[in-house]
Amino acid sequence: MAGRDRIVHLVRQLERAACRCPAHSNSFHQGAGAAACTVRKTDYAFEMASSNIRCGKGVTREIGMDLRNLGARNVCLMTDRNLSHLPPVKAVLDSLVKNNVNYKLYDKVRVEPTDSSFKEATSFAKNETFDVFVAVGGGSVIDTCKAANLYSCYPEADFLDFVNAPIGKGKPIQRNLKPLIAVPTTSGTGSETTGVAIFDFEPIKTKTGIASRALKPVLDLVDPLHTLHMPNRVAANSGFDVLCHALESYTALPYNQRSPCPSNPIDRPAYQGSNPISDVWSRHTLIVVAKYMKRAVQDPEDLEARSSMHLASVFAGIGFGNAGVHLCHGMSYPIAGNVKTHMAKGYNVEHPLVPHGLSVVLTSPAVFTFTAPMCPERHLEAAEILGADIRQVKREDAGAVLADTLRHFLFDLQVENGLEAVGYTKDDIPDLVRGTLPQERVTKLSPRGHTEEDLTQLFEASMKLY
């Protein structure tokens, strides 16, 4: 009996001494898990989500079988006018015909979509009863297809219901959407792996988006043969998006410093802050970019380089799709949204355009100079991966070293010399700052807090790069 009492006494001592952190306590099993975040100000957990990914040369030929396996009866196939005549779309159509899959084609996707173009695609989707969606193209096509899928499943919704706050209402998506298969043809956005759809919101001339894990494609067919059709400047600007996805997610505010802590896991954002798993993908992306990006831009027939950048886009998508991005992307949205007359080289469009990857990378030297004091080791590691010799560099010089490394990288790839080269002047800075302020979904993940004055100085520093 004395032995039993001794055991009971020890167990009670262990219970009182047990670690009560969320990772080790048993409060979840007692139904008190949600209470943990009624006390905590910052999050304590992160989660990883991504689409299923299938990679291989010529893998697109399998899509007809995939659709048949899903039991698809009426497929909505979305692309843009340029791609509709190119081999990637032909490969998809051949596979659908071979497997007797019924489909309807929408080829009016706008490069750099707007709220208006999202609504046009949605109208097309609502007019039919589609049970599967297929997107063949870059981020513009995939994002448009995500939006059309969403709003066709919520025909009664107002457009702003699911758009990120504070521009929209940011309502959660609680219905099951139709399956979406993505066939990416560029190497940049990573949209094929994420639950994010980005567009220009024309009323205020800035980009915003819809973010929910419910938007993720169920399958990505990553076929490197499709990248051989990208013009050099498209390959460059797509690659800059990959570069900044990796840099921003790797230097983002850590997930356990992000607030608020959600009281329900459904409220945990897709962009959670840097975390140990995203770090692996983001860091490896930088290694691939450093090795292959210049080759991929300079020689469109370099299949090894273009294939590697195609995979790097996927790697970065998994990384930033769960960690998030911060100031480069937040500041890029008004740069793209307020475009005046700049006509991007290599893009067959009739409207002025600052391509997304270009709008992101133009502020990168200024941004990483600004954020480096908060995590200098990560900034130095990124600079070293991109080719800098950091053996004699002090921690306080991390930002300057990464910024100089980026400038050399951009100069070698013939990037325009700052915001002035794409049509902006210092008189435009107040509008650019105003367009950045609503981008809290991403800017709040900056490792360093910032004010309107800080944003003004960052835009000023980005007027010229060299």
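Every chain is numbered independently, its residues counted from 1 as its sequence is written. Totals for whole chains, interfaces and linings use all residues, but because this is a predicted model, local features are given only for residues with pLDDT of at least 70 and pairs of side-chain atoms are given and counted only at 80 or more. With hydrogens and water excluded, all non-hydrogen atoms of the structure serve as input to the side-chain values.

A. Layout of the confidence of the model for the protein. Of all residues in the protein, 92% attain a pLDDT of 70 or more, and the chain-wide mean is 91. Per-residue confidence from the prediction method is given by pLDDT, with values spanning 0 to 100. Residue contacts are counted whenever heavy atoms from the two residues lie within 4.5 Å of one another. Ignoring residues within four places in sequence, the model shows residues 10-35, a span with pLDDT below 50, making ten contacts including any to other chains.

B. The environment of Arg 441, seen in detail. Helix and strand definitions here come from DSSP, where helices need a minimum of 4 consecutive H or I residues and strands a minimum of 2 consecutive E residues; each element is numbered from the N-terminal end. Checked against the element boundaries, Arg 441 lands in helix 16 (residues 440-443). Classification of residues uses two cut-offs on accessible area relative to the type maximum, computed with a 1.4 Å probe and protein chains only: under 20% is buried, over 50% is exposed, and between them is partly exposed. Judged by its relative accessible area of 16%, Arg 441 falls in the buried class. Not counting residues within four places of it along the chain, the set of residues in contact with Arg 441 comprises Asn 164, Val 196, Ile 198, Ala 211, Tyr 271 and Tyr 333.

C. Geometry of the sheet that holds strand 3 (residues 103-106). The pairing criterion is simple: DSSP has to find at least two bridges between the two strands. Here we have six strands laid out as an open sheet, ordered 1-8-5-4-2-3, and parallel in their pairing. Two strands bound the open sheet, and with one partner strand each, they are strand 1 (52-55) and strand 3. Pairwise comparison of adjacent strand axes, ignoring direction, gives a mean angle of 20° for this sheet. The pairing of strand 2 (residues 75-78) with strand 3 spans four bridges and is parallel. Residue pairing for strand 3: Val 75 is matched across the bridge by Tyr 103. Axes here mean lines fitted to C-alpha atoms, for a helix over just the part in contact, with angles spanning 0 to 180 degrees between N-to-C directions. Contacting strand 2, strand 3 and strand 4 (132-137), helix 5 (residues 115-126) crosses the sheet at an angle of about 165° to strand 3. Together, strand 1, strand 5 (180-184) and strand 8 (219-222) form the strand contacts of helix 9 (residues 303-323), whose direction differs from that of strand 1 by roughly 170°.

D. Structural detail: the nonpolar core. Grouped together as the largest cluster of nonpolar side chains are 67 residues, with contacts concentrated most on Phe 240, Leu 243, Met 293, Phe 409, Leu 419 and Phe 459. Not counting the four nearest positions on each side in its chain, Phe 459 is found in contact with Met 331, Pro 334, Ile 335, Leu 419, Ile 429, Leu 432, Val 433 and Thr 436. Working definition of a nonpolar core: buried Ala, Val, Leu, Ile, Met, Phe, Trp, Tyr and Cys residues. They are joined through side-chain atoms within 4.5 Å. With 19 residues, the next largest nonpolar core counts Leu 83, Val 92, Leu 93 and Val 136 among its residues.

E. Focus on the packing of aromatic side chains. Pairing of aromatic rings covers Phe, Tyr and Trp, the last counted by its six-membered ring, and requires centre-to-centre distances within 6.5 Å; plane angles under 30 degrees mean stacked, over 60 mean edge-to-face, and any other angle means tilted. Applying the stated rule across the entire model yields 13 aromatic pairs. Pairing Tyr 106 with Phe 124 gives two aromatic rings, centres 5.0 Å apart and planes at 45°, and the pair type is tilted. Taken together, the positions of Tyr 106 in strand 3 and Phe 124 in helix 5 put the pair 18 residues apart, joining distant regions of the chain. Their ring planes at 55° and their centres at 6.0 Å tell us that Tyr 151 and Phe 162 sit as a pair that is tilted. Placement of Tyr 151 in helix 6 (residues 139-153) and of Phe 162 in the loop between helix 6 and strand 5 is noted, with a sequence separation of eleven residues between them. Relative accessible area serves as the criterion here: at 3%, Tyr 151 is assigned to the buried category. Members of the aromatic cluster, connected to one another through ring pairs, are Phe 118, Tyr 151, Tyr 154, Phe 159, Phe 162, Phe 199 and Phe 201. Its guanidinium or amino end placed over the ring of Phe 159, Lys 119 lies 5.1 Å from that ring's centre, counting from NZ or CZ. In this scheme, Lys NZ or Arg CZ marks a charge over a ring once it lies within 6 Å of the ring centre and within 35 degrees of the ring normal.

F. Summary view of the packing of helix 13 (residues 376-385) against helix 14 (residues 398-412). Here helix 13 crosses helix 14 at 25°, and the two axes come no closer than 9 Å. Looking at the two axes, helix 13 sits roughly parallel to helix 14. Helix 14 is crossed by helix 13, and the crossing has left-handed handedness. On helix 14, the residues that touch Pro 376, His 379, Leu 380, Ala 382 and Ala 383 of helix 13 are Ala 398, Val 401, Leu 402 and Thr 405. Residues are sorted three ways: Asp, Glu, Lys and Arg are charged, Ala, Val, Leu, Ile, Met, Phe, Trp, Tyr, Cys and Pro are nonpolar, and all the rest, Gly among them, are polar. Split into classes, the residues belonging to the contact of helix 13 with helix 14 amount to seven nonpolar, two polar and no charged. Geometric relationships in this document are graded by angle, where less than 35 degrees denotes roughly parallel, more than 145 denotes roughly antiparallel, 65 to 115 denotes roughly perpendicular, and other angles denote oblique. Left-handed describes a crossing whose near helix is turned anticlockwise from the far helix through less than a right angle; right-handed describes the clockwise counterpart.

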